[in-house]
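Commentary on secondary and tertiary structure
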Amino acid sequence: MLKGFKEFVMRGNVVDLAVAVVIGAAFGAIVTSLVDNLINPLIAAIFGKADISGVAHFKVNGADFYIGKILQSGLNFLFIAAAVYFFIVLPLNKLAERRKRGMEPEPDPLTTDQELLTEIRDLLRAGRSDVR
């Protein structure tokens, strides 16, 4: 029973997933800090408010509706997605592109006909005419 558990835990995809969750949680703090300490203050400098969560607040029969909070959540999502794209995805794609430039793709494997023709050619070059 423990052997099976050990095999399950040591599979590459389980370990990779665990690492991704831990790194994702740590990176979430960085992105949140970027949004809270850089992007939201820029919005406050431009529009006079740090966020738009107080916009379009109204009550109907004692029920509070916060349209601004919904809009703020959408903006925060866009800001976080932009930060992830421009600070992680784009640089990593550029790095992968640079690495690929130095590599040549491997040639396709030879078919049986091509292998036989190559063998015949090599025998003829060697001066052996005893091809059977």
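What counts, and at which threshold
- Residues numbered from 1 in each chain as written.
- Predicted model: local features only at pLDDT ≥ 70, side-chain atom pairs only at ≥ 80, totals over all residues.
- Heavy atoms only, no water.
- Salt bridge = Lys/Arg side-chain N within 4 Å of Asp/Glu carboxyl O.
- Buried < 20%, exposed > 50% of the residue type's maximum accessible area, 1.4 Å probe, protein only.
- Phe/Tyr/Trp six-rings, centres within 6.5 Å; stacked < 30°, edge-to-face > 60°.
- Helix = DSSP H or I, 4+ residues; strand = E, 2+ residues; numbered from the N terminus.
- Expected span 1.5 Å × (residues − 1).
- Bend = angle between axes of the 7 residues up to and from the residue.

Remarks on the pattern of salt bridges
In this structure the tally under the stated criterion is three salt bridges. Of the charged contacts, one joins K59 and D64 as a salt bridge, the two residues approaching to 3.8 Å between their closest N and O atoms. Residue classification places D64 among the partly exposed residues on the basis of a relative accessible area of 38%. When the shortest N-O distance is used, the salt bridge between D122 and R121 registers 3.1 Å.

Let's talk about the packing of aromatic side chains
Under the counting rule described, the total for this entry stands at two aromatic pairs. Relative to F65, the ring of F58 lies with its centre 5.1 Å away and its plane at 15 degrees, an arrangement referred to as stacked. Residue F58 is classed as partly exposed on the basis of its relative accessible area of 38%. Owing to a relative accessible area of 36%, F65 belongs among the partly exposed residues under this scheme.

Focus on helix 3 (residues 67-101)
Over its 35 residues, helix 3 runs 49 Å from end to end, which matches the ideal 51 Å to within 8%, given 1.5 Å per residue. Taken as a whole, helix 3 carries its principal kink of about 35 degrees at Y85.

Purely geometric numbers; function is a separate question.
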